2 protein chains.
Amino acid sequence: MSKYLIYIVNKVFKALNDQTRREILNLLKEKDLTAGDIADAFQITKPSISHHLDILSQAELVTSQKQGQYVIYSLNTTVLDDLMKWIITLKD
Amino acid sequence: MSKYLIYIVNKVFKALNDQTRREILNLLKEKDLTAGDIADAFQITKPSISHHLDILSQAELVTSQKQGQYVIYSLNTTVLDDLMKWIITLKD
DNA sequence: CTATTATTTAGATATTTGTCTAAATACCTA
DNA sequence: TAGGTATTTAGACAAATATCTAAATAATAG
């Protein structure tokens, strides 16, 4: 288990250890969304959602690009491969 | 995504969101160990390890059986399948 | 330019979490 | 039964976290 993988996995587990953040990822699975669209899907405030999106970004579970005054978020599943690797290592 | 799976995945993510607990699982991958053996592998106190083991038990990531005055812990990888299912669902 | 909309940042607060020490429980052995 | 070992429980405390409101930043539209 490389130091790099341990570092990534730590961040990803942290990011995934929250129901709201997991639901955000599920929303983004369907299609890319603006920060506002994502916030509208939850009962919590926009700043809180912004914070969740930041944590997801740090874990590289989402990417974002600015389009005018909007910020569009997309799901990024590449780190999930690292996560799977970690889990499989535990299994065999 | 069933309510049951969401419930399980929530507990498992909680349990896995800690370096010490992840290391405990890695130790148990090699062989079953008593609570004391596990505690000896870390710098933190026995009560703290006991607490970590409790969280891992609640998530069903470990099982335990009493053998005399010892409690022997074993890795249980079955919930990891549920976790994998959740991840794969996100990926495709 | 000014007002409006979208998003993030800053700072405060309550809750959760990881850790500790001390005590309790359970089992074993002489 | 008494003393020792293994483990857990209870309670305290500091650090981390999720949330909020208010303010700042950035872009658009009139």
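Scroll up to find the structure.
Structural notes, computed from the coordinates. As the structure is a computational prediction, the values presented were derived from the model and not from experiment.

**Concerning the protein's contact with DNA strand D**
Surveying the vicinity of DNA strand D reveals 23 residues, the closest of which are A:Thr45, A:Ser48, A:His52, B:Gly36 and B:Tyr73. Backbone polar atom of B:Gly36 to a phosphate oxygen of DNA strand D: 2.6 Å apart, as the coordinates give it. Where the surface near DNA strand D is concerned, the elements lending two or more residues are helix 4 (46-58) of chain A together with helix 3 (35-40), helix 4 (46-58) and strand 3 (70-75) of chain B. In terms of residues, the surface near DNA strand D owes the most to one element, helix 4 of chain A, which gives five residues. The residue makeup of the surface near DNA strand D, split by class, is eight nonpolar, ten polar and five charged.

**Quick look at the protein's contact with DNA strand C**
Near DNA strand C there are 24 residues, and of these A:Gly36, A:Gln69, A:Tyr73, B:Thr45 and B:His52 occur at the shortest range. Restricting the count to atoms of DNA strand C within 4 Å of the protein gives a sugar and phosphate share of 74%. B:Arg21 is positioned with one of its side-chain polar atoms (N or O) 2.9 Å from a phosphate oxygen of DNA strand C. B:Thr45 places a main-chain nitrogen or oxygen 2.8 Å from a phosphate oxygen of DNA strand C. The element best represented in the surface near DNA strand C is helix 4 of chain B, accounting for five residues. Here the surface near DNA strand C is composed, by residue class, of eight nonpolar, eleven polar and five charged.

Definitions and limits used
Residues numbered from 1 in each chain as written. Chains lettered and ligands numbered in written order. Predicted model: local features only at pLDDT ≥ 70, side-chain atom pairs only at ≥ 80, totals over all residues. Heavy atoms only, no water. Near = heavy atom within 4 Å. Polar contact = N/O pair within 3.5 Å; in protein donor to acceptor, adjacent residues only side chain to side chain. Helix = DSSP H or I, 4+ residues; strand = E, 2+ residues; numbered from the N terminus. Nonpolar A, V, L, I, M, F, W, Y, C, P; charged D, E, K, R; others polar.

No statement about biological role is implied by the geometric values presented.
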